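# A look at the structure
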Amino acid sequence: MAFEKVSTILKMVDEADTAALAFDCVDYNTVYPVIRAAEQLKKPVIVMLYPEHQYLNQLTSLGTFAGMVKELAEKAKVPVGLHLDHCSDYEYILQAIKAGFTSVMIDGSMLPFEENITITSKVTETAHALGVDVEAELGHVGIAARGDGEVKDLYTQPHAAAEFCARTGADSIAVAIGSAHGVYMTEPKLDLKRLEEINEAVKVPLVLHGGSGIPNEQMAQAFRKGINKLNVGTEYFQLYHDTICDYTKKEGAGGSLFDIGTYTQKALYEYLLKKMQLCQFECK
Ligand SMILES: [Zn+2]
């Protein structure tokens, strides 16, 4: 148990035809409830950091975040993975690896096919030499508010996925099958037939991004058809934000700054206990 490689967690859940949930986090208030809820439910879990939240919003540093997750994970009774979410900067990925991240995503999905292969291969070569896992993206998971999830031209092509995996050595790939990042304008409809075809064409675990707002039944089907990692960010951060607003409204100026942590962690923990039920794997 404890601090575990993401590839090991994905292998574990793949054998049970399900997916591990991966949550974007920014600080102790968001990381701690993820690990506590995973322990309560006996499920493996993955904690992720989205680079922009570090270098733009300055909510943490790579080393601080990695150190915090590692320390909490080592004491946890379930496997906890640490992953760098969407990054297209090779140098930044190197910094993350040096800081202790044991899994990284290289997102070349906006690049032409050959260029995506070149940058992904460069990252896998370095990362694998250092024992670090690599998630790549083929097709493009866009922005929900733009309606990108419905743009079939952005979807992953099964034959291209097979070639991409063979040439890059990526450990997992994020696929575009109808999900998108952010808040959906209309209910998303996953292309499950395409997912099956991709899953037949490649051997590596598949990752579904945009896990805030996809109906549970569709997600359960996607897990059975090859998705082994579900990324969740939007709804988790929205809840964090709303809970802080709720606290300040309720307590007003008389509220204690020092109670905000436990107040928000409790709300996030309760949400996580429900969301994590999607993962059907249970640790012995
Ligand atoms: Zn994503």
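Scroll up to find the structure.
Now for a look at the structure at hand. (Residues numbered from 1 in each chain as written. Predicted model: local features only at pLDDT ≥ 70, side-chain atom pairs only at ≥ 80, totals over all residues. Heavy atoms only, no water.)

## Thoughts on the overall build of the protein
Formally: For helices the rule is a DSSP run of H or I covering at least 4 residues; for strands it is a run of E covering at least 2, with both sets numbered from the N terminus onward. The globule rule is 2.2 Å times the number of residues to the power 0.38, and the radius of gyration it is compared with is taken over C-alpha atoms. Summary of the burial criterion: residues with accessible area below 20% of their type's maximum are buried, those above 50% are exposed, and those between are partly exposed, where the area comes from a 1.4 Å probe applied to protein chains only. Any pair of residues with heavy atoms lying within 4.5 Å of one another is described as a contacting pair. Values of accessible area rely on a 1.4 Å probe in the Shrake-Rupley scheme; residue burial ignores everything except the protein chains shown. Note that His is not counted, nor are the chain ends; the positive residues are Lys and Arg, and the negative ones are Asp and Glu. Every charge is mapped to an atom, namely NZ of Lys, CZ of Arg, CG of Asp or CD of Glu.
What the protein contains, in helices and strands, is eleven helices and nine strands. Compactness check: the protein gives a C-alpha radius of gyration of 18 Å against a globular reference of 19 Å for 284 residues, within 12% of the reference. If one aligns the C-alpha atoms of the protein with their principal axes, the spans along those axes are about 60 × 40 × 40 Å. Scored against the burial criterion, the 284 residues of the protein give a buried share of 55%. Counting contacts in the protein only where the partners sit at least 6 residues apart, residues at least 24 apart contribute 74% of the total. When the accessible surface of the protein is summed, it comes to about 12,800 Å², and 53% of that surface belongs to carbon and sulfur atoms. Each charge class in the protein can be summarised by its mean position, and for the 26 positive and 38 negative side chains these summaries are 5 Å apart.

## Describing the nonpolar core
Rules: The nonpolar core is taken to be a set of buried Ala, Val, Leu, Ile, Met, Phe, Trp, Tyr and Cys residues, with the residues joined through side-chain atoms within 4.5 Å.
Formed by 87 residues in total, the largest nonpolar core has its most connected members in Phe-23, Phe-65 and Ile-173. Looking at this core element by element, the count peaks at seven residues for helix α4 (residues 62-75). If near-sequence neighbours (up to four positions away) are discounted, Ile-173 is found in contact with Ala-136, Ala-161, Phe-164, Cys-165, Val-204, Pro-205, Leu-206 and Val-207.

## As for the packing of helix α5 (residues 90-99) against helix α6 (residues 113-129)
What counts is decided by this rule: Fitted lines through C-alpha atoms serve as axes, helices being fitted only where they are in contact, and the angles separating the N-to-C directions of these axes extend from 0 to 180 degrees. Roughly parallel means an angle under 35 degrees; roughly antiparallel, over 145; roughly perpendicular, 65 to 115; everything else is oblique. Handedness of a helix crossing follows the sense of rotation of the near helix relative to the far helix, less than a right angle counterclockwise being left-handed and clockwise being right-handed. For this classification, Asp, Glu, Lys and Arg are treated as charged, while Ala, Val, Leu, Ile, Met, Phe, Trp, Tyr, Cys and Pro are nonpolar and the rest, including Gly, are polar.
With their axes 11 Å apart at the nearest point, α5 and α6 run at an angle of 20 degrees to one another. Relative to α6, the element α5 lies roughly parallel. In terms of crossing hand, the pair formed by α5 and α6 is right-handed. Contacts from Tyr-90, Ile-93, Leu-94 and Ile-97 of α5 reach α6 at Ile-119, Lys-122, Val-123, Thr-126 and Ala-127. Tallied by class, the residues present in the contact of α5 with α6 amount to seven nonpolar, one polar and one charged.

## Considerations on the environment of Glu-196
Rules: Polar contact is the term for a pair of N or O atoms within 3.5 Å; when the atoms are in protein, one must be able to donate a hydrogen and the other to accept it, and sequence-neighboring residues count only if both atoms are side-chain atoms.
Position of Glu-196 relative to the elements: it lies in helix α8 (residues 192-201). Take Glu-196: its relative accessible area is 38%, and that puts it in the partly exposed class. Measuring from C-alpha to C-alpha, the distance between Glu-196 and Ala-73 comes to 33 Å, with 123 residues separating the pair along the chain. Among the polar contacts made by the side chain of Glu-196, one reaches the side chain of Lys-225 at a distance of 3.3 Å.

## A short note on the packing of aromatic side chains
Put simply, the rule reads: Note on ring pairs: Phe, Tyr and Trp rings are taken, using the six-membered ring of Trp, and paired if centres are within 6.5 Å. Classes follow the plane angle, with under 30 degrees stacked, over 60 edge-to-face and the rest tilted.
Scanning all chains against the criterion turns up seven aromatic pairs. Put simply, the rings of Phe-23, Tyr-236 and Tyr-271 pair up and form one aromatic cluster.

## Side note on the side chain of Ser-172
By secondary structure assignment, the location of Ser-172 is in strand β7 (residues 172-175). With a relative accessible area of 5%, Ser-172 lands in the buried category. Filtering out sequence-adjacent residues up to four positions away, Ser-172 remains in contact with Leu-10, Val-134, Glu-135, Ala-136, Val-204, Pro-205 and Val-207.

## With respect to α5
An α-helical turn contains 3.6 residues, so any two residues separated by three or four positions project in the same direction. Put simply, the test is: Directions from the helix axis toward the C-beta atoms define the arc.
Taken together, the buried positions of α5 are Tyr-90, Tyr-92, Ile-93, Ala-96 and Ile-97. Projected down its long axis, α5 carries its buried residues within an arc of 160 degrees, all on one side. Buried-residue contacts for α5 involve α3 (51-55), α4, β4 (79-87), β5 (103-106) and α6. One side-chain oxygen of the residue at the start of α5 lies 3.0 Å from the amide nitrogen of Glu-91, identifying that residue as Asp-89. Remark: Gly-100 follows α5 within two positions and exhibits a positive phi of approximately 115 degrees.

## Focus on the pairing of β5
Note the following rule: Here the rule is simple: two strands pair whenever DSSP picks up at least two bridges between them. When the strands point away from the viewer and the connection leading from the first strand across the helix to the second strand turns clockwise, the crossover is called right-handed.
Here β5 shows two buried faces, one formed by Ser-103 and Met-105 and the other by Val-104 and Ile-106. With two bridges joining them, β4 and β5 adopt parallel strand pairing. Bridge assignment links Cys-87 to a residue of β5, and that residue is Ile-106. Crossover β4 to β5 through α5 is right-handed. As defined by bridge partners, β5 adjoins strand β6 (residues 133-138) across four bridges and the pair is classed as parallel. Bridge assignment links Val-104 to a residue of β6, and that residue is Val-134. With α6 bridging β5 and the parallel β6, this β-α-β connection has right-handed handedness.

## Some details on the environment of Gln-54
Along the chain, the position of Gln-54 falls in helix α3. Taking C-alpha positions, Gln-54 is 7.9 Å from Val-26, a pair spaced 28 residues apart along the chain. In terms of polar contacts, Gln-54 uses its side chain to reach the side chain of Tyr-92, at 2.6 Å.

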